[in-house]
Amino acid sequence: MEKRTILTTSSRGLLEDSFPYRLYQKAKRQGTWNPADIDFTQDQKDWQTLNAEQREDILQLISQFQAGEEAVTLDLLPLIMAIAKEGRLEEEMFLTTFLFEEAKHTEFFRRVLNAIGETGDLSHFHSDTYKQIFYEILPAAMERLVTDQSPEAIAEASVVYNMFVEGVLAETGYFSFYASLESAGIMPGLLEGIGNLKRDESRHIGYGTFLLQRLICEHPHLYEVVVAKMGELAPLAIRINQEGIDNKEISSFGGNPEEVMNFTMKQLSVRMEVLARAKGKKSKRFIESQIVN
Ligand SMILES: [Fe+2]
Ligand SMILES: [Fe+2]
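Residues numbered from 1 in each chain as written. Chains lettered and ligands numbered in written order. Predicted model: local features only at pLDDT ≥ 70, side-chain atom pairs only at ≥ 80, totals over all residues. Heavy atoms only, no water.

On to the coordination of the iron ion (ligand 2). In a perfect tetrahedron of four donors around a metal, the angles come out at 109.5 degrees. In a perfect octahedron of six, they are 90 or 180 degrees. Around the iron ion (ligand 2), the protein contributes the donor atoms E102 (OE), E166 (OE), E201 (OE), E201 (OE) and H204 (ND1), at 1.9 to 2.5 Å from the metal centre. Positions of the donor residues of the iron ion (ligand 2) along the chain correspond to the pattern E-x63-E-x34-E-x2-H. Between the two metal centres, the iron ion (ligand 2) and the iron ion (ligand 1), the spacing is 3.5 Å, with E102 acting as a shared donor. Taken together, the residues E102 in helix α5 (residues 89-115) and E201 in helix α8 (residues 188-218) connect sequence positions 99 residues apart. Assigned by exposure class, E102 and E201 land together as buried. (Donors = N, O, S within 2.8 Å, 3.2 Å for Na, K, Ca; no water. Helix = DSSP H or I, 4+ residues; strand = E, 2+ residues; numbered from the N terminus. Buried < 20%, exposed > 50% of the residue type's maximum accessible area, 1.4 Å probe, protein only.)

Here's what the structure looks like:
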């Protein structure tokens, strides 16, 4: 049997100043919202006032989020297992909040759909590019960790999950929700949930950034692996946006679709800039100091 070392009864205790432990504390304070408490009465009324094109646009966004949240809920476990196996207790403590929050996000979008009466099959909103990401690339990168817990495999999984799906695609999705619903002053329940979700996701992305910076500090060659993986994924983000825009010059809510594309491009470069800061650095303190969330 493997020899176990108990940390919390040793003089080490818990690393209370460490980034993941602080993130765990933050999640307990801020991640307590309950999707069941959100009132969708006004959303139901607003939904009736939208025209067919506007409904179609919002439904496309919701159905992509709904499936995305379900996918990340189902796919996270192998990463938690890999981290736990390495005995990284504070990281695993944070990850318990991470998985709980993804479950709440899945619940939230289903509640929205139920509230506005859209209970039919929405899978036609998942384009080929969307399917490639959420039906193939994401589950494959995460499932790989069941049998391969190498630093390379963990880094690639985190790039796909935290940097790309959460840090680029989901962030772009929030931008689109705000650009349409907030400027129109409608669907307050949906927007309230999106605000909560966005805060949760900033912690998830913060952890992913920490994890990748830690891995790059420990294994400098992983920076190239991370850059290559992001380079592979970037065209998919552009394509999925183009599919969403569908050659429109103006969105159904009056906004400029080009702004969404610009936002995606900015997210892609911001993620890489933050990770590049870890290159050539060894200090643990560097990781602690660089995280912004
Ligand atoms: Fe989520
Ligand atoms: Fe997340």
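Next comes the rest of the description.
Residues other than glycine seldom take positive phi values, yet M187 does so here, at roughly 55 degrees. Within the fold, M187 resides in the loop between α7 (151-184) and α8. Exposure remark for M187: the relative accessible area of 0% places this residue in the buried category.

Considering the arrangement of structural elements, one finds T73 in helix α3 (residues 52-75). Setting aside residues up to four positions removed in sequence, T73 forms contacts with L99, E102, A103 and T106. (Contact = heavy atoms within 4.5 Å.)

Turning our attention to the coordination of the iron ion (ligand 1). Ligation of the iron ion (ligand 1) by protein atoms is provided by E69 (OE), E102 (OE), H105 (ND1) and E201 (OE), these donors lying 2.0 to 2.2 Å from the ion. With 4 donor atoms in place around the iron ion (ligand 1) and angles of 89 to 156 degrees between them, the coordination shape is irregular. Each donor residue of the iron ion (ligand 1) belongs to the same chain, with the gaps between them written as E-x32-E-x2-H-x95-E. (Tetrahedral: all angles 85-135°; square planar, octahedral: opposite > 155°, others 65-115°.)

Moving on: the side chain of R271. Take R271: it is sitting in helix α10 (residues 257-276). Although R271 is buried, it makes no salt bridge; E171 carries the closest opposite charge, 4.8 Å away. Dropping the residues within four chain positions of it, R271 is found in contact with M163, G167, V168, E171, I205 and M230. (Lys, Arg positive; Asp, Glu negative; His and termini not counted. Salt bridge = Lys/Arg side-chain N within 4 Å of Asp/Glu carboxyl O.)

Right, let's get into the layout of surface pockets. Size it by volume and the largest pocket reaches roughly 890 Å³. Taken together, 43 residues make up the lining of the largest pocket; nearest its centre are L61, Q64, G173, S176 and V260. Secondary structure elements with two or more residues in the lining of the largest pocket: α3, α6 (128-147), α7, α9 (222-245) and α10. For the lining of the largest pocket, the element with the highest residue contribution is α7, accounting for 10 residues. Looking at side-chain class alone, the lining of the largest pocket contains 18 nonpolar, 17 polar and 8 charged residues. (1 Å grid on protein atoms, 1.4 Å probe; cavity = no way out; pocket = protein on both sides within 12 Å on 5 of 7 lines; lining within 4 Å. Points joined across faces, edges and corners; volume = space filled by probe spheres on them. Nonpolar A, V, L, I, M, F, W, Y, C, P; charged D, E, K, R; others polar.)

Attention shifts here to the pattern of salt bridges. Inspection of every chain in the model, using the stated rule, returns 11 salt bridges. Taking the shortest distance from any N to any O, the salt bridge between R111 and E107 comes out at 2.8 Å. Of this pair, R111 and E107 are both found in helix α5, 4 residues apart, which corresponds to roughly one turn of the helix. Accessibility expressed as a relative area gives 29% for E107, which makes it partly exposed. The residue R144 makes a salt bridge to D148 at a minimum N-O spacing of 3.1 Å.

One can describe the packing of α3 onto α5 by two numbers: an axis separation of 8 Å at closest approach and a directional angle of 150 degrees. Between α3 and α5, the angle is such that the two are roughly antiparallel. Like other packed secondary-structure pairs, α3 and α5 cross with a definite hand, here left-handed. In contact with L59, I62, F65, Q66, E69, E70, V72 and T73 of α3, α5 contributes L99, E102, A103, H105, T106, F109, R110, V112 and L113. Broken down by class, the residue content of the contact of α3 with α5 amounts to 9 nonpolar, 4 polar and 4 charged. (Axes fitted to C-alpha atoms, helices over the stretch in contact; angles between N-to-C directions. Parallel < 35°, antiparallel > 145°, perpendicular 65-115°, else oblique. Left-handed = near helix turned anticlockwise from the far one by under 90°.)

Taken as a whole, this structure holds 15 aromatic pairs when the rule is applied. Geometrically, the ring pair formed by F94 and F98 is edge-to-face, given 6.0 Å between the ring centres and 70 degrees between the ring planes. Note that F94 and F98 are positioned in helix α5 at a spacing of 4 residues, about one turn of the helix. Overall, the relative accessible area of 0% leaves F94 in the buried class. (Phe/Tyr/Trp six-rings, centres within 6.5 Å; stacked < 30°, edge-to-face > 60°.)

Where α7 contacts α8, the axes come no closer than 9 Å and their chain directions differ by 155 degrees. In terms of orientation, α7 and α8 fall into the roughly antiparallel class. As for the relative orientation of α7 and α8, their crossing is left-handed in sense.

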